[in-house]
Amino acid sequence: MISEKFVFLALCFNIVGTAIYVGQNLRGEVKPHLVTFFLWSLPPLVAFTAQLTEGAGVVSLVTLVAGLNPALIFVIALRRPDAHWSASLFDVICGLLSLIGILAWWVSREGLYAIAFAIAADLLASLPTFRKSFIHPESESPALYAFSTISAAITLLSIQNWTFSHFGFAAYLLLTDFGLALIIGIRGHLKRVAPQK
């Protein structure tokens with residue numbers, strides 16, 4: 001394992017990925033799914049609070065930034081008149097289930113449950129963006145998710161105490177962000193090389 005001070009390097013990757021994505025959004029190159037980005041800002045903040053109560057230490061900063069970055073993207077994307085705000089029934093169901101996960105944490109008030117519920121809520125909030133990335137990969141960029149994957153990997157390597165409260169959210173972020181980067185990259189490439197009809 002590496003020193004836990006590398007968490008600050010992980011934070012840098014997270015911030016750079018967000019800065020790239022914000023720039024792409026301002027230039028109209030990406031259209032973030034606003035339902036997802038709004039909901040993505042909530043569960044990490046719940047998990048961050050729970051990690052603090054469980055003594056996760058500096059590792060929890062990555063979880064905090066994982067909540068602040070989507071909030072920033074959401075606020076900036078709201079300013080665009082062509083923001084992707086339309087919500088299908090699928091989006092609404094995912095959003096409601098995500099909010100139920102957050103409420104379940106609120107009721108339980110147990111740190112480990114809070115982290116588990118936050119992961120479940122965040123995953124459900126991710127589903128609309130997974131769907132959009134598969135159908136319209138040109139509306140997304142793999143950069144944000146690739147940088148977040150690197151950030152999560154560094155975080156996991158820097159963990160000194162391997163308990164769920166320390167590694168749970170970072171492991172979830174690694175899998176989710178890697179999955180999104182892969183889908184956007186592969187589907188985007190396939191759409192670019194597909195013969196035009």
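The structure displayed is predicted, hence computed values, not measured ones. (Residues numbered from 1 in each chain as written. Predicted model: local features only at pLDDT ≥ 70, side-chain atom pairs only at ≥ 80, totals over all residues. Heavy atoms only, no water.)

Caption draft 1: Summary view of the packing of helix α7 (residues 142–158) against helix α8 (residues 164–193). With their axes 8 Å apart at the nearest point, α7 and α8 run at an angle of 150 degrees to one another. For the element pair α7 / α8, the angle class is roughly antiparallel. Where α7 crosses over α8, the handedness of that crossing is left-handed. On α8, the residues that touch Pro 142, Tyr 145, Ala 146, Ser 148, Thr 149, Ala 152, Ala 153, Thr 155 and Leu 156 of α7 are Phe 167, Ala 170, Ala 171, Leu 173, Leu 174, Asp 177, Phe 178, Leu 180, Ala 181, Ile 184 and Gly 185. (Axes fitted to C-alpha atoms, helices over the stretch in contact; angles between N-to-C directions. Helix = DSSP H or I, 4+ residues; strand = E, 2+ residues; numbered from the N terminus. Parallel < 35°, antiparallel > 145°, perpendicular 65-115°, else oblique. Left-handed = near helix turned anticlockwise from the far one by under 90°. Contact = heavy atoms within 4.5 Å.)

Caption draft 2: Region of interest: empty space enclosed by the protein. Enumeration according to the criterion identifies 1 cavity of 30 Å³ or more in this entry. Its boundaries defined by the atoms lining it, the largest cavity holds a volume of some 210 Å³. Around the largest cavity, the lining comprises 19 residues; the ones closest to its centre are Ala 66, Pro 70, Ser 148, Leu 173 and Asp 177. Mapped onto the lining of the largest cavity, the elements with two or more residues apiece are α1 (7–26), α2 (34–40), α4 (60–78), α7 and α8. Of the residues that constitute the lining of the largest cavity, the class distribution is 11 nonpolar, 6 polar and 2 charged. (1 Å grid on protein atoms, 1.4 Å probe; cavity = no way out; pocket = protein on both sides within 12 Å on 5 of 7 lines; lining within 4 Å. Points joined across faces, edges and corners; volume = space filled by probe spheres on them. Nonpolar A, V, L, I, M, F, W, Y, C, P; charged D, E, K, R; others polar.)

Caption draft 3: Spotlight on the pattern of salt bridges. On inspection of all chains with the given rule, the structure shows 3 salt bridges. Here Glu 140 and Lys 132 are joined by a salt bridge, their closest N and O atoms 3.1 Å apart. A residue is classified by how much of its surface remains accessible, and Glu 140, at 5% relative accessible area, is buried. The exposure class of Lys 132 is buried, given its relative accessible area of 5%. Where Lys 191 meets Glu 138, a salt bridge forms, and the shortest distance between an N and an O atom there is 3.8 Å. Of this pair, Lys 191 sits in helix α8 while Glu 138 sits in the loop between α6 (111–135) and α7, and the two are 53 residues apart along the sequence. On the basis of relative accessible area, Glu 138 is assigned to the partly exposed category, the value being 47%. (Salt bridge = Lys/Arg side-chain N within 4 Å of Asp/Glu carboxyl O. Buried < 20%, exposed > 50% of the residue type's maximum accessible area, 1.4 Å probe, protein only.)

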